[in-house]
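Chain by chain, the residues run as shown.
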Amino acid sequence: MAVMTIHVKEATSETPIQEIEGLLLKMDEIERALVDVEVGEIKITYDENQVDEDQIIKRIQLEGFHIE
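Residues numbered from 1 in each chain as written. Predicted model: local features only at pLDDT ≥ 70, side-chain atom pairs only at ≥ 80, totals over all residues. Heavy atoms only, no water.

Draft legend 1. Representation of the overall build of the chain within the structure. Check the secondary structure of the chain and you find two helices and three strands. Traced from its N-terminal end to its C-terminal end, the chain shows the element sequence β-α-β-β-α. Since a compact globule built from 68 residues should have a radius of gyration of about 11 Å, the 11 Å found for the chain is in line with a globular shape. Overall, the C-alpha framework of the chain stretches about 30 × 20 × 20 Å when taken along its three principal axes. Relative to its full complement of 68 residues, the chain shows a buried share of 37%. (Helix = DSSP H or I, 4+ residues; strand = E, 2+ residues; numbered from the N terminus. Rg over C-alpha atoms; globule rule 2.2 N^0.38 Å. Buried < 20%, exposed > 50% of the residue type's maximum accessible area, 1.4 Å probe, protein only.)

Draft legend 2. The arrangement of helix α1 (residues 14-26) in detail. With 13 residues, α1 should reach 18 Å at 1.5 Å per residue; the first-to-last C-alpha distance of 18 Å fits that figure. Buried within α1 we find Pro16, Ile17, Ile20, Leu23 and Leu24. Projected down its long axis, α1 shows its buried positions confined to an angular sector of 130 degrees, all on one face. Residues of α1 that are exposed and point over 90 degrees away from its buried face: Glu14 and Lys26. In this structure, the buried residues of α1 make contact with β2 (30-36), β3 (41-46) and α2 (53-62). (Expected span 1.5 Å × (residues − 1). Arc of directions from axis to C-beta. Contact = heavy atoms within 4.5 Å.)

Draft legend 3. Structural view of the sheet that holds β3. Taken together, three strands build an open sheet; the order of strands is β1-β3-β2 and the sheet is antiparallel. The strands lining the two open edges of the sheet, one partner per strand, are β1 (2-7) and β2. Neighbour to neighbour, the strand axes of the sheet diverge by 15 degrees on average, direction disregarded. Those strands touched by α1 are β2 and β3, and its axis lies near 165 degrees from that of β2. (Pairing = 2+ DSSP bridges. Axes fitted to C-alpha atoms, helices over the stretch in contact; angles between N-to-C directions.)

No statement about biological role is implied by the geometric values presented.
See the structure below:
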């Protein structure tokens, strides 16, 4: 498993956080997504043999979220 950390502009309030967590956890390749609401940071644990960081970022952006 690999871990990546990204900052999502909208990840500082409850509704967007729930949407992002739901989106990520629906992906079979992602084991865990932890959000730090104070800074909009998301720590994602994923299977690097099935998905890469660019694919995860693109998926988040397709849902209308902005990566900082």
